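# Results of the structural survey
In case you want the letters, here they are:
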Amino acid sequence: MTVRIPIRRLWPEPSTQPLDDDALTALYDRAGEPRLRVNFVTSLDGAVTVDGYSAGLSGEPDKRVFGLLRMVCDALVVAAGTLRHEGYRAVRLDERRRAWRRAHGLTEYPTLVVVSHSLDLDPAQAAFADAPTRPIVLTHADADPPPGLTDVADLLRCGTERVDLAVGLAELHRRGLTQLLCEGGPHLFGALTAADLVDELCLTVSPLLAGPGPGRITAGDTVPPRQLPLRHVLAAEDGVLMLRHARP
Ligand SMILES: NC(=O)c1ccc[n+]([C@@H]2O[C@H](COP(=O)([O-])OP(=O)(O)OC[C@H]3O[C@@H](n4cnc5c(N)ncnc54)[C@H](OP(=O)(O)O)[C@@H]3O)[C@@H](O)[C@H]2O)c1
């Protein structure tokens, strides 16, 4: 059995007792309007990976919140780069989390949405081949799918020559997928920031110095800085901080 590391709220009101799953879920609840929430883990010195992967930055508290964020969303949006590199599997939830979704009138599983310009995707990857809900690939009008991709996923073409993320998200909303969770990676986060589409950032800060080398959680073209006010600070007993920043 996994040992649960206690998580407490530090701000705004400190909690003396560790937060259970219900209390944590309430802190990351669904919004009344469409929202794009982005979730990342970083080192103290701003690294997006250790030894090339995010796993070296994550621990049990981060994984617990990561799972809750998946539980409450309608769709999980991920860049093709992260899907390929991290070897994404099918998005599955345990029975307790599926029961929570049923009780809240949601589908059993969130829909996986993969953002890709090139459509260099492997239909045999478990994220597609084993998906409990048919994934959506958000791409552009000129993209050419590899054989078999349309057998395992729906293509959503938004924009010509390049993916128009604003149009893509609006189309997901139109399909009833309004609570969107983006799990990265850095280039997708940079493009969403550039298009001013990020409503919320959930950031886990891991208490380690990764040193120089890895990139940051964002990448791509320079954009003007944007304010994103702090909403809460959670601390796990292993020294991990979990910040939630969101638009007013
Ligand atoms: N620390 C964390 O929380 C965390 C989270 C996620 C990822 N990561 C790490 O980040 C690294 C992957 O980063 P990456 O540089 O490959 O960035 P990425 O954003 O994961 O992937 C870039 C690729 O995704 C697609 N893409 C992204 N934005 C797009 C847009 N606006 N329009 C169309 N397609 C878009 C393109 O795929 P196509 O090539 O198919 O066109 C692009 O080549 C990995 O090392 C991963 O472990 C860390």
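Criteria and cut-off values
Residues numbered from 1 in each chain as written. Predicted model: local features only at pLDDT ≥ 70, side-chain atom pairs only at ≥ 80, totals over all residues. Heavy atoms only, no water. UniProt positions renumbered as here; feature names shortened; annotations may be inferred. Helix = DSSP H or I, 4+ residues; strand = E, 2+ residues; numbered from the N terminus. Buried < 20%, exposed > 50% of the residue type's maximum accessible area, 1.4 Å probe, protein only. 1 Å grid on protein atoms, 1.4 Å probe; cavity = no way out; pocket = protein on both sides within 12 Å on 5 of 7 lines; lining within 4 Å. Points joined across faces, edges and corners; volume = space filled by probe spheres on them. Nonpolar A, V, L, I, M, F, W, Y, C, P; charged D, E, K, R; others polar. Arc of directions from axis to C-beta. Contact = heavy atoms within 4.5 Å. Polar contact = N/O pair within 3.5 Å; in protein donor to acceptor, adjacent residues only side chain to side chain. Axes fitted to C-alpha atoms, helices over the stretch in contact; angles between N-to-C directions. Left-handed = near helix turned anticlockwise from the far one by under 90°. Disulfide = S-S within 2.5 Å. Phe/Tyr/Trp six-rings, centres within 6.5 Å; stacked < 30°, edge-to-face > 60°. Lys NZ or Arg CZ within 6 Å of the ring centre and 35° of its normal.

The name that an unreviewed UniProt entry assigns to the chain is Bacterial bifunctional deaminase-reductase C-terminal domain-containing protein, with the source organism given as Micromonospora arborensis. According to its UniProt record, the chain has this under Pathway (unreviewed entry): "Cofactor biosynthesis; riboflavin biosynthesis."

## Here's the deal with unusual backbone geometry
With the exception of glycine, the majority of residues adopt a negative phi angle, and the majority of peptide bonds are in the trans configuration. The omega torsion of the bond from W11 to P12 falls at 10°, within 30 degrees of zero and hence cis. As for its position among the elements, P12 is in the loop between β1 (7-11) and α1 (21-27). For D51, which is not glycine, the phi torsion reads 55° and is therefore positive. Looking at where D51 falls in the secondary structure, it is placed in the loop between β2 (35-43) and α2 (60-72). Here D51 falls in the exposed class, since its relative accessible area comes to 73%. In the Ramachandran plot, L119 falls in the positive-phi region, its phi being about 60° despite a non-glycine side chain.

## What about the layout of surface pockets?
In this approach, a probe sized like a water molecule rolls over the atoms, and the result shows the empty space that is left. The volume enclosed by the second largest pocket comes to roughly 630 Å³. Mapped by element, the contributors of at least two residues to the lining of the second largest pocket are α8 (186-194) and β8 (200-206). Among the elements that make up the lining of the second largest pocket, the one with the highest residue count is α8 (four residues). The residue inventory of the lining of the second largest pocket, partitioned by class, reads twelve nonpolar, nine polar and five charged.

## Points about the UniProt feature "domain: Bacterial bifunctional deaminase-reductase C-terminal" (unreviewed entry) in the chain
According to UniProt, the "domain: Bacterial bifunctional deaminase-reductase C-terminal" (unreviewed entry) feature falls on residues 35-240. Summarising residues 35-240: 27% helix, 22% strand, and an end-to-end C-alpha distance of 26 Å.

## Overview of helix α7 (residues 165-174)
Helical geometry: 3.6 residues make up each α-helical turn, so side chains three or four residues apart lie on a common side. Of the residues making up α7, those classed as buried are L165, G168, L169, E171 and L172. Burial along α7 is one-sided: seen end-on, the buried residues are contained in an arc of 160°. Against β2, β4 (111-115), β5 (136-139), β6 (154-157), β7 (179-182) and α8 lie the buried residues of α7. For α7, the side-chain oxygen to backbone nitrogen distance between the N-cap and A166 is 3.2 Å, and the N-cap itself is D164.

## Quick look at the packing of α2 against helix α4 (residues 95-103)
At their nearest, the axes of α2 and α4 sit 9 Å apart, and the two run at 35° to each other. For α2 against α4, the interelement crossing comes out right-handed. Of the residues in α4, those in contact with R64, G67, L68, R70, M71 and V72 of α2 are R97, W100 and R101. Classifying every residue of the contact of α2 with α4 gives four nonpolar, one polar and four charged.

## Things to note about the state of the cysteines
Taken as a whole and judged by the stated rule, the model has zero disulfides. No disulfide involves C202; its nearest neighbouring cysteine sulfur is the one of C73, lying 11 Å away.

## Overview of the packing of aromatic side chains
As enumerated under the stated definition, the model contains one aromatic pair in all. Centre to centre, the rings of F40 and F189 are 5.3 Å apart; their planes meet at 35°, and the pair counts as tilted. Separated by 149 residues along the polypeptide, F40 in strand β2 and F189 in helix α8 bring together distant segments of the chain. Over the ring of Y109 we find R92; its NZ or CZ atom is 6.0 Å from the centre of that ring.

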